[in-house]
Each structure stands twice: as structure tokens, then as C-alpha cells.
Amino acid sequence: MNHDIYPNQYIRGILDDTKVIAMVGASPNWNRPSFFVMKYLQAKGFRVLPVNPGAEGQEILGEKVYASLRQLPDKIDLVDIFRNSEAAGPITDEAIQINAKAIWMQLTVRNDAAASRAEAAGLKVVMNRCPKIEFARLNGEIGWSGVNSGVISAKRRKLPL
Amino acid sequence: MSDNSFYGFETLAIHAGAAPDPATGARSTPIYQTTSYVFDDADAAASLFNLQTYGYIYSRLGNPTVSVLEERVAALEGGRGAIATASGHAAQQLALFTLMEPGASFVAANKLYGGSVTQFTRTFKKFGWHCDMVDVEDLAAVKLALAKPTCKALFCESLANPGGVISDLETLAGLAHEAGVPLIVDNTMASPALCRPFDFGADIVIHSTTKFISGHGNAMGGMVVDSGKFDWAQNDKFPSLTKPEPAYHGLVFYETFGDLALTVHGHAVGLRDLGPTMAPMNAFLAITGAETLPLRMQRHSENADKIARYLDSHPNVLWVSYAGLEGNKYRRLADKYLGGKAGSVFTFGVKGGYEAGIKLVEACELFSHLANIGDTRSLILHPASTTHRQLTPEQAEAAGAGPDVIRLSVGLETVEDLVRDLEQALEAI
């Protein structure tokens, strides 16, 4: 996979195949990006399970916080990483061990070695992107901020969910 | 649905940003003539105001018609996002507003549109911004100016107005990046149909959409386009993007929006607090204009080339500064950056100086005497007595607007008619 530019079909495929997301580095602070990304994804119908050893046992947006990916009770489709590029390495290895289907590293987070290990194990990988922005981009709701959505279509757009 | 990076330029000019309207199915982009938008509930309103979700709040920050034009121009330039503004001047101010602080400086080419020179060197002083004007063909001088610790950006025009000067974008981008600052390119005169500065390393593109993008001389507008490629966190020069923003409860734009940071900041802080928003009606006219940009630029360039050659052989014409002519100093750069074309705005020197220049513009019947460029109509101007008269004689000369200089913006009329008009006017002086 070329991780500098992702085809729309690739990103859409991952989002379509995802029902349950583990969010590593989820914050209980309402003004942190992880918090409002989680809130947005919940509103779009995803189940999001927060992982953060510092907030273990607390609740974020109605979901119990777990200390690590291994403790999660449910099968995880996508692991969304809100940690720095270095920390994304061992988190990716854990994600492979729990049989996640895809890894998603947030904006400014990129670990090519970890991505290669995940891809070798059959996982899909997205780096330096945000699932909230990508979901909005592909569903025609991000236009207000002047973003080049990369979508061309002569079909009537669906109203945002 | 597919990825616009796989579509051709002409397709993007017509389709980018403009899928059929989701509410009505309208195929042409509707003019959303509204100031404000209802909130679903209080929680949704709070999320919108905190930049935590997407949607329209108030047309000063964003409007669906304006958004279509933003996406259109971003796609044509190959950028990540764009901010539409009320005019090209507003776009320059808005782009620099995110990068600059009181006491900061930036480096600009000394061969620029005269209005930009005045804005940069006089009006921006009131914000505590300092502009160092340099000859961007003197690379040592550019390097020296960029090394100033307060420096935040390098600014040039891809094709300069009105001197016909072409900037060596790739070289300048290299120097800017060595100094840890972005290269900002005013691409108004070339338009993305002739030149895409991001392909040569530029980081931010500025447009006066009033000119070729809109193309019909009927709608004011400007645009800031971000490539999304500049690393704002590589040094501590850009705190607006890398430090917590108090007005948004400590949100950090670069951390939160990544390669969209400049685009979001331009709307959420720039347009919100400076207020130079584009009107939806003007956006609609520019969207319609942009659809024919590739066709128009082709014909503009062909007509200009024929007229430049005619003038070049006229006894009352001292010189013609058009990069399309053999032997022109910028011909090589035109081949590299403008696909061998040289645009439709250029200057020539008329025998007889200042007085002859005024007589010539007054003698034209078909060329309109006015201060604009990039219209379907052909335009003529004597910069020394109009657009560049705020400048000192030295500044005017440096900007390619000396006393004998005539500027043409060649339109889309029958080219033989344009030649005839110039012929009778040159005989009248």
C-alpha cells in the first residue's frame, strides 16, 4: 500500500467493514481530539471502546475504559491509534495479536515498520489520517471548511446521516 | 464515486466540489443566499462552535455555495483545501494572518502587482508586519533575507503582473524550505490551467478569482489554497497552528486537523475574526467561470501570442515583454512552469513615454481602458498613471511599470479586430 495517498475505495472499504473500534489513547477531556472523534463516530453508528491505562475503570461517553487491547471483551474491527508514532509500533503488534482487521493511525502519526508488519499479517493500514475527517469527506459533509474532498460524482449526494 | 486525483483538469474544472444538491437534486450549484443555519439541538450547536463537528453556522465562516468554489479551486491546484475571500487582497492578508505575529517579517519579490507592494510595505506596517522586498532572481539576496529570525514566509508571483516576469518556483521553494518557511505563490496571472505551483514545491497559492478563474469581469473574489504538505511543527515559527488556541478552549490546530490545519484556521479564526468573506453570488459566478477556465486560457494565450508578435514588429513599439517571444529572458521558465505558454497579460513600451502612453490608451476603441485583468474583454492600462501611481519612481520601475509601459490583458475577441484596434491607436499617438 502506498501510504502517501489512499484511494477513496480503500478508505471507504475499511469504514464499511468496521462496526467496533478500539480507540487507543482515548481521553476523558471533552476538548481533546480523541474525545470528539469518539463522539462523532458514535453518532455515525460505530461502537467505540476506549483504551487508556491512565483512565482505566472510568467511563468515556458511556463506554468503560480498558487498560490494553488484550482486555477488550469484544471482537475489534479497527484499532484507532491516538498516540505518537513510536508508541504506535507496540500497539500495532497487539492489534495483530487480537486479530483486528485494520489499523488506523491518527493525523501526524506514522510508523512504516509497524505498517509493514500489520500488512504482512493481513491487516489493512491507514496512517496520518483521521477517520472522522475521512468519513465526513466521503459523505459530503466536510465542505464547510473548504476541504478538497477528492470526490467527483454526478449522482445526487445523500443528505448527511 | 471516485477519487479526483485520477480525473483530468477539464473534468475537475466542471465537477470538483459540485455534486448535485443533496436537498433538491439541482444540477447547477444553487446560490445559498442565507446568512445563517439552524442547529439540530443545543449539543450540536456546542459541537459546531467548538469545531468538533461539521456543518454551517453563519455565512461569515462558511456557506455551501462558497464551499463549492473552495473545493473547485483546491482541486484545480492539487491542494488539500482552500479559503475563499472577498478579494485577492483579502486572501493575501488572510494567508499571512495565520503565519505572522506583530514584529514578524516576510520576504516578497520586488516585481509584484503594485497593489500588493503597497499592501505589503505600507498597510501591513499597521499590524507590525514587516516586508523585505528582494529581487528573487538574486538568490544570495533571497537567502540572506530568509535567514532573518523573524521571517515567516517567501512570497512571489508565478507570472508577475504586469512585468511578464516568471519566478523560478522550484529554486525558490528550495530556499524557503531550507529556511523553514513556506513559499506562497500568487498564481492569479497564470491560473492553474497554465501553472500548478504545488507541483514545483510551493506550499500556499493565492488567487484573485476576480481575474481568470471567474474570467468575465463580473465578480470580486480571492482564494488561499493550501498544499497540505508544509510541516508547521518543524520549528517554533508558527504558533497560530502549533500552540493551544485560547478562543477554542486550547485546541491545537495542527494536532487536531493535521494537513488541514491552515484551511480550518483560515475559516475558524481568519474569516471569523477578520471577516472578509466571499458573497455567495460572487462564488456562483466564479464557479460558472471556472468551468471554462481551460478553454479560455488556451484562447487567451493564443490571442496574446499573436498580438505580442504584431507589436514586436511595430515601429512605435520600443520593446515587448512577453515570455512567449523567442529571445525573451523568461522563455525557458515559461517552458518549465507554464507549459510553454505565457498567459494573456503583458507589457510593451511605447515610443514617446508617459504622454504617448496616456494618448494610446485613450485612442483605443475595442480595448477597454480600466484597471483589471483576466476578462473576456480585452483591457488596456497605463500603469504609471493608474495602478502603480502610489509607488515611488524607483519602485514603479522595479515592478516593471515605468513611464512608457503599457499593460494589455488580451481577451477572447476575434484577434484580427484587436490588432486593428491597436494599429489605429498606435497611429494616433
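Residues numbered from 1 in each chain as written. Chains lettered and ligands numbered in written order. Predicted model: local features only at pLDDT ≥ 70, side-chain atom pairs only at ≥ 80, totals over all residues. Heavy atoms only, no water.

Tallying secondary structure elements over chain A gives 5 helices and 8 strands in all. In sequence order, chain A lays out its α and β elements as α-β-α-β-β-β-β-α-β-α-β-α-β. Relative to the 2.2 N^0.38 estimate, which gives 15 Å for 161 residues, the radius of gyration of chain A is 15 Å and therefore close to what a compact globule would have. C-alpha atoms of chain A, sized along the principal axes, occupy 45 × 35 × 25 Å. For chain A, the proportion of its 161 residues judged to be buried stands at 59%. Contacts in chain A between residues far apart in sequence, at least 24 positions, make up 57% of those at least 6 positions apart. Total accessible area on chain A stands at roughly 6,900 Å², and carbon and sulfur atoms take up 50% of it. (Helix = DSSP H or I, 4+ residues; strand = E, 2+ residues; numbered from the N terminus. Rg over C-alpha atoms; globule rule 2.2 N^0.38 Å. Buried < 20%, exposed > 50% of the residue type's maximum accessible area, 1.4 Å probe, protein only. Contact = heavy atoms within 4.5 Å. Areas by Shrake-Rupley, 256 points an atom, 1.4 Å probe, with all protein chains shown as cover.)

Tallying each qualifying case throughout the model produces 24 salt bridges over all chains. Ionic pairing is found between R32(A) and E255(B), a salt bridge with its closest N-O pair at 2.7 Å. Taken together, the residues span two chains, with R32(A) in the loop between β1 (20-24) and α2 (33-43) and E255(B) in helix α10 (residues 253-257). In this structure R32(A) comes out as partly exposed when scored by relative accessible area, which is 31%. The partner of D375(B) in a salt bridge is R377(B), and the shortest N-O contact between them spans 3.1 Å. On the accessibility criterion, D375(B) (5% relative accessible area) is buried. For R377(B), a relative accessible area of 40% corresponds to the partly exposed category. Here the salt bridges do not stand alone but share partners, grouping D305(B), R309(B), E326(B) and R331(B) into one network. (Salt bridge = Lys/Arg side-chain N within 4 Å of Asp/Glu carboxyl O.)

All names here are of chain B. Read from one edge of the open sheet, 7 strands run β2-β8-β7-β6-β5-β3-β4, paired in mixed fashion. Edge strands, defined here as strands with exactly one partner in the open sheet, are β2 (81-85) and β4 (130-134). Averaged over all pairs of adjacent strands, the angle between strand axes in this sheet comes to 20°, irrespective of strand direction. Inspection of the sheet shows strand β5 (residues 151-157) paired to strand β6 (residues 183-186) by 4 bridges, in the parallel sense. Bridging from a neighbouring strand, E157 pairs with D186 of β6. Contacts from helix α4 (residues 88-99) reach β2, β3 (105-109), β5, β6, β7 (204-208) and β8 (222-226), with the element oriented near 155° to β7. (Pairing = 2+ DSSP bridges. Axes fitted to C-alpha atoms, helices over the stretch in contact; angles between N-to-C directions.)

Turning our eyes to something else, we now look at the nonpolar core. Ranked by internal contacts, the top residues of the largest apolar core, which has 194 residues, are V79(A), F106(B), F253(B), I307(B), L311(B), F346(B) and L408(B). When residues of this core are sorted by domain, at least three fall in each of domain 1 (7-289) and domain 2 (294-428) of chain B. The residues contacting V79(A), other than those within four sequence positions of it, are A22(A), V24(A), L69(A), I91(A), A95(A), A100(A), A102(A), I103(A) and W104(A). (Core = buried A, V, L, I, M, F, W, Y, C linked by side-chain atoms within 4.5 Å. Domains from an automatic or database assignment.)

Residue and element names in this part refer to chain B. The domains assigned to chain B are domain 1 (7-289) and domain 2 (294-428). The partner domain 2 presents 37 residues to the 41 residues of domain 1 that form the contact. In total, domain 1 and domain 2 occlude about 3,200 Å² of area from one another, counting both sides; carbon and sulfur atoms represent 61% of this. A salt bridge links E170 to K336; the nearest nitrogen and oxygen atoms lie 2.6 Å apart. Linking domain 1 to domain 2 there are 12 residue pairs in polar contact (both at pLDDT 80 or more). Only α1 (9-15), α5 (114-121), α7 (169-178) and α8 (191-194) provide two or more residues apiece to the side of domain 1 that touches domain 2. (Buried area = accessible area lost by both parts, 1.4 Å probe. Polar contact = N/O pair within 3.5 Å; in protein donor to acceptor, adjacent residues only side chain to side chain.)

All names here are of chain B. It is at 11 Å that the axes of α4 and α5 come closest, and there the two elements cross at 40°. Considering how the two elements wind past one another, α4 and α5 form a crossing that is right-handed. Contacts from H89, Q92, Q93 and L96 of α4 reach α5 at G115, S116, Q119 and F120. Residue composition of the contact of α4 with α5, by class: 2 nonpolar, 6 polar and no charged. (Left-handed = near helix turned anticlockwise from the far one by under 90°. Nonpolar A, V, L, I, M, F, W, Y, C, P; charged D, E, K, R; others polar.)

With that out of the way, let us pick up the side chain of S34(A). Residue and element names in this part refer to chain A. Considering the arrangement of structural elements, one finds S34 in helix α2. A relative accessible area of 4% places S34 in the buried class. From its side chain, S34 meets the backbone nitrogen of S27 in a polar contact 2.9 Å long. With residues near it in sequence (within four places) discarded, S34 still touches M23, G25, A26, S27 and F82.

Here we take up the interface of chain A and chain B. The interface is formed by 39 residues belonging to chain A together with 52 residues belonging to chain B. Buried surface at the junction of chain A and chain B, summed over both partners, amounts to about 3,900 Å²; 54% is from carbon and sulfur atoms. For the pair chain A and chain B, the number of links is 3 salt bridges. Between R129(A) and D259(B) there is a salt bridge, and its shortest N-O distance comes to 3.3 Å. At the junction of chain A and chain B, the tally comes to 16 residue pairs in polar contact (both at pLDDT 80 or more).

Next up on the list: the packing of aromatic side chains. Where two aromatic rings form a pair, the distance of their centres and the angle of their planes describe that pair. Overall, the coordinates contain 20 aromatic pairs over all chains when judged by the stated rule. Ring centres of F124(B) and F127(B) lie 5.9 Å apart, and the angle between their planes is 35°; on these two criteria the pair is classed as tilted. The class for F124(B) is buried, based on a relative accessible area of 1%. Considering the side-chain rings of W232(B) and F238(B), the 5.1 Å spacing of their centres and the 80° angle between planes classify their relative orientation as edge-to-face. The same class applies to W232(B) as to F238(B), namely buried. What links up through ring pairs into an aromatic cluster is the set F106(B), F120(B), F124(B), F127(B), W129(B) and F155(B). The ring of Y40(A) is capped by K132(A), whose NZ or CZ atom sits 5.4 Å from the centre of that ring. The lysine or arginine in question, K132(A), covers the ring of Y54(B), its NZ or CZ lying 4.5 Å from the ring centre. (Phe/Tyr/Trp six-rings, centres within 6.5 Å; stacked < 30°, edge-to-face > 60°. Lys NZ or Arg CZ within 6 Å of the ring centre and 35° of its normal.)

With that out of the way, let us pick up the side chain of E94(A). If you trace the backbone, E94(A) turns up in helix α3 (residues 88-97). Residue contacts for E94(A): discarding those within four places in its chain leaves S68(A), L69(A) and R70(A).

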